[in-house]
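# Structural overview for review
So the chains spell out like this:
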Amino acid sequence: MKTKNHVFSNKDITVTYNPKICINAERCALELSNVFRQSVIPWIDLEADSNENIINQVKKCPSGALQFCMNKKEAC
Ligand code: SF4
C-alpha cells in the first residue's frame, strides 16, 4: 500500500515527509525542535525558524524521509 507524503509549506519552501521511510532517529526533533515538534499536530511548523535552518536540518535527515523544494523555482 502506498503511503502519501505529508506536505508542509510556508511562502518560500515546501517540505515533504514520508512516514514510510522515516527511521524515527528523531534527529530532526532533537536538533530543531521548534520546527520538528513532537506531540503537536501539525508536527512540522515552517514558520518557527529561518528557511536556511530548516533546509539545513532537512538535508541531515538520515533516511531521506524529509525533502524540500523552493516554491518559486521548482514544482514540488
Ligand atoms: S530526521 Fe528523518 S529519519 Fe529522523 S525522525 Fe526526522 S524524518 Fe525521521
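Just so you know, the residues in each chain are numbered from 1, in the order the chain's sequence is written. At least 70 in pLDDT is required for a residue's local features to be given in this predicted model, at least 80 for side-chain atom pairs to be given and counted, and no such filter applies to totals for whole chains, interfaces and linings, which use all residues. With hydrogens and water excluded, all non-hydrogen atoms of the structure serve as input to the side-chain values.

Right, let's talk about the site of the ligand for a bit. Residue proximity to a molecule or strand is established when one non-hydrogen atom of the residue lies within 4 Å of it. If you check the shell around the ligand, you find 13 residues, and the closest are Cys-22, Glu-26, Cys-28, Cys-61 and Ser-63. In the scheme used here, Gly and all other residues not listed as nonpolar or charged are polar, with Ala, Val, Leu, Ile, Met, Phe, Trp, Tyr, Cys and Pro taken as nonpolar and Asp, Glu, Lys and Arg as charged. Tallied by class, residues from the shell around the ligand come to nine nonpolar, two polar and two charged.

Now for unusual backbone geometry. A cis amide bond, omega -5 degrees, links Ile-41 with the succeeding residue Pro-42. With a phi close to 55 degrees, Asn-24 is a non-glycine residue in the positive phi region. Numbering of helices and strands runs from the N terminus, with a helix taken as a DSSP run of H or I at least four residues long and a strand as a DSSP run of E at least two residues long. Residue placement: Asn-24 occurs in the loop between strand 2 (13–17) and helix 1 (27–31).

Below, the discussion takes up the environment of Asn-24. A relative accessible area of 58% means that Asn-24 is categorised as exposed. Once the C-alpha coordinates of Asn-24 and Phe-36 are considered, the two residues, 12 residues apart in sequence, prove to be 12 Å apart. Exposure categories follow from relative accessible area, calculated using a 1.4 Å probe and restricted to protein chains: below 20% of the type maximum is buried, above 50% is exposed, and the middle band is partly exposed.

Let us look at the sheet that holds strand 1 (residues 6–9). Should DSSP find at least two bridges between two strands, the strands are taken to pair. Pairing is antiparallel across the open sheet formed by three strands, whose spatial order is 1-2-3. Both outer strands of the open sheet, strand 1 and strand 3 (66–70), are each paired with one neighbouring strand and no more. Along the sheet, successive strands turn relative to each other by an average axial angle of 20 degrees, direction set aside. Sheet analysis places strand 1 next to strand 2, joined by four bridges and oriented antiparallel. In the sheet register, Val-7 faces strand 2, and the bridge partner there is Thr-16. Set on the sheet, helix 2 (residues 51–59) makes contact with strand 2 and strand 3; between it and strand 3 the angle comes to about 140 degrees. Axis angles are defined between N-to-C directions and span 0 to 180 degrees, where every axis is a line fitted to C-alpha atoms and, for a helix, only to the segment in contact. Note on contacts: a residue pair is in contact if any heavy atoms of the two residues lie within 4.5 Å.

Definition used in this section: a nonpolar core is a set of buried Ala, Val, Leu, Ile, Met, Phe, Trp, Tyr and Cys residues joined via side-chain atoms within 4.5 Å. Grouped together as the largest cluster of nonpolar side chains are 17 residues, with contacts concentrated most on Val-15, Phe-36, Ile-44, Leu-46, Ile-54 and Leu-66. For this core, the secondary-structure elements that each account for two or more residues are strand 2 and helix 2. Each residue touching Ile-44, except ones within four places of it in the same chain, is listed here: Phe-8, Val-15, Tyr-17, Val-35, Phe-36 and Leu-66.

When a carboxyl oxygen of Asp or Glu lies within 4 Å of a side-chain nitrogen of Lys or Arg, that pair is called a salt bridge. Evaluated as defined, the whole model comprises four salt bridges. Residue Arg-27 pairs with Glu-31 through a salt bridge whose shortest N-O separation is 3.2 Å. Of the two residues, Arg-27 and Glu-31 are both situated in helix 1; the distance of four residues between them amounts to about one turn of the helix. Accessibility expressed as a relative area gives 35% for Arg-27, which makes it partly exposed. The partner of Glu-31 in a salt bridge is Lys-60, and the shortest N-O contact between them spans 3.5 Å. In this pair, Glu-31 sits in helix 1 while Lys-60 sits in the loop between helix 2 and strand 3, placing the two residues 29 residues apart along the sequence. A relative accessible area of 40% places Glu-31 in the partly exposed class. By sharing partners, the salt bridges in this structure join Arg-27, Glu-31 and Lys-60 into a single network.

Keep in mind these values describe shape, not function.
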